[in-house]
Protein chains: 2
Amino acid sequence: MPRKSDARQRAILTAARLFQRQGYFGTGLAQILEQSGAPKGSFYHHFPGGKEELALEAIHEASRGLESLFAAAAEASEEPGAFVRTLARGIAYWIEASDFTDGCPVAIFTLESTPAAPALQEACRESFVAWQRLIADGLSRNGGDRARAERLAEMLVAALEGALLLAMAEASTRPIEVIGEELAEHVATVMRSRGS
Amino acid sequence: MPRKSDARQRAILTAARLFQRQGYFGTGLAQILEQSGAPKGSFYHHFPGGKEELALEAIHEASRGLESLFAAAAEASEEPGAFVRTLARGIAYWIEASDFTDGCPVAIFTLESTPAAPALQEACRESFVAWQRLIADGLSRNGGDRARAERLAEMLVAALEGALLLAMAEASTRPIEVIGEELAEHVATVMRSRGS
DNA sequence: TATGTTCTATGGTGATTGTCATAGAACGTC
DNA sequence: GACGTTCTATGACAATCACCATAGAACATA
C-alpha cells in the first residue's frame, strides 16, 4: 500500500554522518537536506517530529553500525585478548577512514543532550547497554565469570570511547593502538584466571 | 594602567559551564552574556576574536580545573591503585554535583570541532596531553617504569573520559565506580611488578 | 479511467544567530 | 579640570534557524 520513497532513509544516513562530525546543534536541517538530496518540501511529512525525530533515527542507525562491528569482532576472535585487539583495530580503521573527523555519534549526543530531549538521552543509554552486552558476549565466548565479563565490557566501552576521542584530538590512530594493547593485556590476564 | 573590568572573566566562567552542558553550537552568545551578567556592548572589546576566542579561553579554564584535580589526587595518594580510586571518586563527585548534566568540555569540543577551527582542536589536544602527564606523574611517584606509566596514563585518561560519558548517559555514578575499580586493579598489578 | 494516498515544490513565518558601528559613559593620569 | 584610555549602551546588520501551510505532482489501487 505505501509508496515508499527513499528520501527518508537518505536523510537519516546523511544526518548520522553530519551529526557525528558537527554535533546536533552544529548541523542544520538545510545542510542535511542539501547533502542528502532529499526534497525539503517533504521533510515534515517523513519526520513529523522534526529534527529531534531525525536525530533519534540517526542515533539508532549509528548504533546499529557499531553493534554489527562488535558482533563481527566477537565472531572472528577465539580468545578475549585477540577480541579486544580486533575491536581496537576496527575502531582505528573506522576513525581513520573519515580522516579523524567523524567521532562517535552516541557520545556527542550524550554530551549535547538537554533535559528537554529525554528521548535522545534514553537512546544513547540503550546504545551503550547494547554495546556492553555484545562485548561481554565476546569476552565470555569460552566461558569464564560472566559478571566479571560484564564489568570488563563496561570498562572496554568507556576506554574505547575515550580512545576514539584521543585519536580525534591527535588526528592519529596511535592512542587507539596504545590503549587497545593495554586493554588486551588486562583482559587476557583477568579472563584467563578462570575459564569454563 | 588598565582599568580591568571583571566582565571578561565572568563571561569565560559562564561560557565554560554552558559549553560543557550544551556544547559550542548549542550555546548562544546571548545566553552567555545574559547568565554572566556581562554587558553585551563590550563583548567584542574583550573578545576581538568573537565566540571562538571565548571558547578557547573556556577550554583553558576548564582544563586547568581538571589539572588541579589530578594534581591534588596525585599529591594525596601514596600508591598507584589508591591514586586511581581517588581520581574516580573526584570525577564521580564532579559529575554528580551538576546532576549529570555537565560533561567534559574538552571532550565535547573535540567532537564538535571543525577543521575550520584548528585552534580549538589544538587546545583540546594540549589538555589531554597535560592530563596524561599529570596522571603519569601520579602513577610513578614511587618510581617504576616511566614509559609504562605513561601508557597507563593515556589509557586512564581515555577510560575516565568514557566513564564520565557513561555516567551522564545513565545519570548515575555507578559506571565510574565500576570502571574506576577495574582500572585501579589493573594499574596496581602492573605498577607493582617493578617498583623503585 | 477514476479515486485516494503518498510525496514534493514553493514560499514564507517569526525567532535567533554571530557580528559590528557609533556614540557616550566611566575611569586613571597629568 | 583636561586628556586619553577602557569599557558599555544602543541598535542594527545579513544570515540562518526550525517549522509549517498550501497546493499540486506522482503513484497505487480499483
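Quantities reported herein were computed from a predicted structural model and do not represent experimental measurements.

### A few points about the relation of the copies chain B and chain A
The two chain copies are connected by a rotation around an axis plus a translation along it.
Link 1 in the chain: Superposition of chain B onto chain A requires a rotation of 180° combined with a translation of 0.0 Å along the rotation axis, giving an RMSD of 0.0 Å. The superposition of one copy onto the other is thereby described by a two-fold rotation axis. Judged by C-alpha distance, Ala159(B) is the residue of chain B that lies nearest the rotation axis, at 1.9 Å.
Link 2 in the chain: By residue overlap, the copies meet face to face through one surface: 100% of the interface positions of chain B are interface positions in chain A.

### Side note on unusual backbone geometry
Residues and elements named next belong to chain A.
Link 1 in the chain: Notably, Phe 100 is not glycine yet its phi reads approximately 65°, a positive angle.
Link 2 in the chain: Along the polypeptide, Phe 100 turns up in the loop between helix 5 (80-97) and helix 6 (105-112).
Link 3 in the chain: For Phe 100, a relative accessible area of 11% translates into the label buried.

### Here's the deal with the interface of chain B and chain A
Link 1 in the chain: With 40 residues of chain B at the contact, the number on the chain A side is 40 residues.
Link 2 in the chain: Carbon and sulfur atoms supply 68% of the area buried between chain B and chain A, which totals about 3600 Å² over both sides.
Link 3 in the chain: Of all residues in chain B, the largest losses of buried area upon contact with chain A belong to Leu111(B), Leu165(B) and Glu182(B), amounting jointly to 20% of the total for that side.
Link 4 in the chain: The interface formed by chain B and chain A contains six salt bridges.
Link 5 in the chain: In this structure, Arg148(B) engages Glu185(A) in a salt bridge whose closest nitrogen and oxygen atoms are separated by 3.2 Å.
Link 6 in the chain: At the surface where chain B touches chain A, the tally comes to eleven residue pairs in polar contact (both at pLDDT 80 or more).
Link 7 in the chain: At 16 residues, the largest contribution of residues to the side of chain B that touches chain A is made by helix 8 (residues 146-170) of chain B.

### What about helix 8 (residues 146-170) of chain A?
Residues and elements named next belong to chain A.
Link 1 in the chain: Taking 1.5 Å as the rise per residue, helix 8 with 25 residues should run 36 Å; its terminal C-alpha atoms sit 35 Å apart, in good agreement.
Link 2 in the chain: Where burial is concerned, most of helix 8 is hidden: 20 out of the 25 residues are buried.
Link 3 in the chain: A distance of 3.0 Å separates the backbone nitrogen of Ala 147 from a side-chain oxygen at the start of helix 8, and that oxygen is part of Asp 145.
Link 4 in the chain: Ala 171 sits one or two residues past helix 8 and shows a positive phi near 55°.

### A word on the side chain of Glu161(B)
Link 1 in the chain: Mapped onto the elements, Glu161(B) comes out in helix 8.
Link 2 in the chain: The side chain of Glu161(B) sits in the buried core without any salt bridge; Arg174(A) is the nearest counter-charge, 14 Å away.
Link 3 in the chain: The residues contacting Glu161(B), other than those within four sequence positions of it, are Leu165(A), Cys104(B), Ala107(B), Phe128(B) and Trp131(B).

### Structural notes on the packing of helix 5 (residues 80-97) of chain B against helix 9 (residues 174-192) of chain B
All names here are of chain B.
Link 1 in the chain: In the contact formed by helix 5 and helix 9, the axes pass within 7 Å of each other and the chain directions differ by 160°. Regarding the angle of helix 5 to helix 9, the classification is roughly antiparallel. Here helix 5 runs over helix 9; the crossing is right-handed. Of helix 9, the residues touching helix 5 (which contributes Pro 80, Gly 81, Val 84, Arg 85, Ala 88, Ile 91, Ala 92 and Ile 95) are Ile 176, Gly 180, Glu 181, Leu 183, Ala 184, Val 187, Ala 188 and Met 191.
Link 2 in the chain: Grouping the constituent residues of the contact of helix 5 with helix 9 by class yields twelve nonpolar, two polar and two charged.

### Focus: the pattern of salt bridges
Link 1 in the chain: In the structure shown here, the tally under the stated rule is 28 salt bridges over all chains.
Link 2 in the chain: As a salt-bridge pair, Glu182(B) and Arg148(A) come within 2.5 Å of each other at their nearest N and O atoms. You can see Glu182(B) sitting in helix 9 and its partner Arg148(A) sitting in helix 8, one on each of two chains.
Link 3 in the chain: Note that Arg146(B) is salt-bridged to Glu150(B), the shortest N-O span being 3.2 Å. In this pair, Arg146(B) and Glu150(B) are both assigned in helix 8, four residues apart and thus about one turn of the helix distant.
Link 4 in the chain: Residue classification places Arg146(B) among the partly exposed residues on the basis of a relative accessible area of 31%.
Link 5 in the chain: Residue class for Glu150(B) comes out partly exposed when judged on its relative accessible area of 35%.
Link 6 in the chain: One salt-bridge network, in which partners are shared between bridges, spans Arg8(A), Glu53(A) and Glu57(A).

### Re helix 1 (residues 7-22) of chain B
Link 1 in the chain: Here helix 1 of chain B spans 22 Å end to end across 16 residues, near enough to the 22 Å set by a 1.5 Å rise per residue.
Link 2 in the chain: Here helix 1 of chain B has its buried residues at Ala7(B), Ala11(B), Ile12(B), Thr14(B), Ala15(B), Ala16(B), Leu18(B), Phe19(B), Gln20(B) and Gln22(B).
Link 3 in the chain: Those residues of helix 1 of chain B hidden inside the fold are in contact with helix 6 of chain A together with helix 2 (29-36), helix 3 (43-46), helix 4 (50-76), helix 5 and helix 6 (105-112) of chain B.
Link 4 in the chain: Once helix 1 of chain B finishes, Gly23(B) follows within two positions and takes phi at roughly 85°, a positive value.

### Structural notes on the packing of aromatic side chains
Link 1 in the chain: Overall, the coordinates contain 16 aromatic pairs over all chains when judged by the stated rule.
Link 2 in the chain: Measuring from centroid to centroid gives 5.6 Å for Phe128(B) and Trp131(B), while their planes differ by 85°, and the two rings are edge-to-face. Of this pair, Phe128(B) and Trp131(B) both sit in helix 7 (residues 118-139), three residues apart, which is roughly one turn of that helix.
Link 3 in the chain: You can call Phe128(B) buried: its relative accessible area is 5%.
Link 4 in the chain: Here the aromatic residues Phe19(A), Tyr24(A), Phe25(A) and Phe109(A) are joined through ring pairs into a cluster of three or more.
Link 5 in the chain: Taking NZ or CZ as reference, Lys51(B) lies 4.3 Å from the ring centre of Tyr24(B), over its face.

Rules behind the numbers
Residues numbered from 1 in each chain as written. Chains lettered and ligands numbered in written order. Predicted model: local features only at pLDDT ≥ 70, side-chain atom pairs only at ≥ 80, totals over all residues. Heavy atoms only, no water. Least-squares fit on C-alpha atoms with pLDDT ≥ 70 in both. Contact = heavy atoms within 4.5 Å. Helix = DSSP H or I, 4+ residues; strand = E, 2+ residues; numbered from the N terminus. Buried < 20%, exposed > 50% of the residue type's maximum accessible area, 1.4 Å probe, protein only. Buried area = accessible area lost by both parts, 1.4 Å probe. Salt bridge = Lys/Arg side-chain N within 4 Å of Asp/Glu carboxyl O. Polar contact = N/O pair within 3.5 Å; in protein donor to acceptor, adjacent residues only side chain to side chain. Expected span 1.5 Å × (residues − 1). Lys, Arg positive; Asp, Glu negative; His and termini not counted. Axes fitted to C-alpha atoms, helices over the stretch in contact; angles between N-to-C directions. Parallel < 35°, antiparallel > 145°, perpendicular 65-115°, else oblique. Left-handed = near helix turned anticlockwise from the far one by under 90°. Nonpolar A, V, L, I, M, F, W, Y, C, P; charged D, E, K, R; others polar. Phe/Tyr/Trp six-rings, centres within 6.5 Å; stacked < 30°, edge-to-face > 60°. Lys NZ or Arg CZ within 6 Å of the ring centre and 35° of its normal.

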